[in-house]
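Survey of secondary and tertiary structure
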Amino acid sequence: DAGVIQSPRHEVTEMGQEVTLRCKPISGHNSLFWYRQTMMRGLELLIYFNNNVPIDDSGMPEDRFSAKMPNASFSTLKIQPSEPRDSAVYFCASSFRSGGPQETQYFGPGTRLLVL
Amino acid sequence: TQLLEQSPQFLSIQEGENLTVYCNSSSVFSSLQWYRQEPGEGPVLLVTVVTGGEVKKLKRLTFQFGDARKDSSLHITAAQPGDTGLYLCAGEEYGNKLVFGAGTILRVKS
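Sequence order sets the numbering: in each chain, residues are counted from 1 along the sequence as written. Written order determines the labels here, with chains lettered from A and ligands numbered from 1. A pLDDT threshold of at least 70 governs which residues receive local features in this predicted model, and a stricter bar of 80 or more applies before side-chain atom pairs are shown or counted, although totals over entire chains, interfaces and linings include all residues. As a rule here, side-chain values come from all non-hydrogen atoms in the structure, and water together with hydrogens is ignored.

A short note on the pattern of salt bridges
Residues and elements named next belong to chain A. To keep it simple, the criterion reads: Salt bridges are defined as contacts in which a side-chain nitrogen from Lys or Arg sits within 4 Å of a carboxyl oxygen from Asp or Glu. Type-normalised accessible area, obtained with a 1.4 Å probe on protein chains alone, sets the label of each residue: buried when under 20%, exposed when over 50%, and partly exposed for intermediate values.
For the structure on display, the rule yields 12 salt bridges over all chains. The partner of R36 in a salt bridge is E44, with the nearest N and O atoms 3.6 Å apart. In terms of burial, R36 and E44 fall into one category: buried. Taken together, the shared-partner salt bridges in this structure form one network comprising E62, R64, E83, R85 and D86.

Looking at the environment of P25 of chain A
All names here are of chain A. Heads up, the condition is: Helix numbers and strand numbers start at the N terminus; a helix is a DSSP run of H or I with at least 4 residues, a strand a run of E with at least 2. Whether two residues touch is decided by their heavy atoms; if any such pair falls within 4.5 Å, the residues are in contact.
Locating P25 in the fold gives a position in the loop between β3 (19-24) and β4 (31-38). Between the alpha carbons of P25 and I5 there is a distance of 6.6 Å; along the sequence they are 20 residues apart. For P25, the residues in contact, after removing those within four places along its chain, are V4, L32, M69, A72, S73, F74 and S94.

What about the nonpolar core?
The condition that has to hold: Residues belong to a common nonpolar core when they are buried Ala, Val, Leu, Ile, Met, Phe, Trp, Tyr or Cys residues joined through side-chain atoms within 4.5 Å.
The biggest cluster of nonpolar side chains holds 22 residues, and the ones touching the most others in it are L19, L32, W34, L74, I76 and L106 of chain B. Among the elements of the structure, β2 (10-14), β3 (19-24), β4 (32-37), β5 (44-49), β7 (61-65), β8 (71-76), β9 (85-92) and β11 (104-109) of chain B are those that each provide at least two residues to this core. Residues within four places of L32 of chain B in sequence aside, it is in contact with L4, C23, V47, T48, V49, F65, S72, C89, A90 and G91 of chain B. By size, the runner-up hydrophobic cluster in this structure holds 21 residues, among which are V4, M60, M69 and I79 of chain A.

Comments concerning the packing of aromatic side chains
All names here are of chain A. This is how the line gets drawn: Aromatic rings from Phe, Tyr and Trp, with only the six-membered ring used for Trp, were paired whenever their centres fell within 6.5 Å, and each pair was classed as stacked if the ring planes differed by under 30 degrees, edge-to-face if by over 60, and tilted otherwise.
Taken as a whole and assessed by the stated rule, the structure comprises nine aromatic pairs over all chains. Here F33 and Y48 contribute two aromatic rings whose centre-to-centre distance is 5.3 Å and whose plane-to-plane angle is 25°, an arrangement assigned as stacked. One end of the pair, F33, is in strand β4; the other, Y48, is in strand β5 (residues 42-50), with 15 residues separating them in the sequence. For the pair shown, F33 and Y48 are each scored as buried.

Re the pairing of strand β6 (residues 53-56) of chain A
Residue and element names in this part refer to chain A. Inclusion rule: Only when DSSP finds a minimum of two bridges between them are two strands counted as paired.
Judged from the three bridges that link them, β5 and β6 form a sheet pairing that is antiparallel. From the neighbouring strand, Y48 faces β6, where its bridge partner is D56. Between β5 and β6, which pair antiparallel one after the other, the connecting turn spans two residues, and N51 there sits at a positive phi close to 50°.

Okay, structure coming up:
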């Protein structure tokens, strides 16, 4: 299994530009999570999907952030316009939700975003 | 959102020493997970504890869930340089949503 795939692995952009992060979950998984990790705030959940439907987006910082999951094998996290404070490592994770507790979330390698 | 406090934030020890990392909350979680993250990679699940008082062992790592399911500990025996990394605890909220602690950076020197 290839695991969770994220692209790009590194992104450097200028303030005001649009940034799109991509994620391909593990085949067969039905839940997908977007996290952000910074030194100051640690690992924070931004949004998660179940069966391609957004379930909880309470962690999305503001309207500049949006996420979509058009099908079971692809998701995007978009920041428009980007700001320097958005600089962080963004992780995508996926799991198979069977309705019970104790799911295992599998994380991708992350996208390191630097907004100048 | 419930909060998880991890301690210590940073630990630097010599190879062969023992150590314990703590994860505490004032709230009850349905389960608690421990992850290890290496530089440039995503977190990888080590263990999930579910029952109050539960103890799980993974080679030299021992994980314990508090009786009230509010706290947990990770004990490493005879630490090795390969144990170096960021250790994260995560509590499971409703809907399988995880809340993470700030993490403990462990450095094991040879």
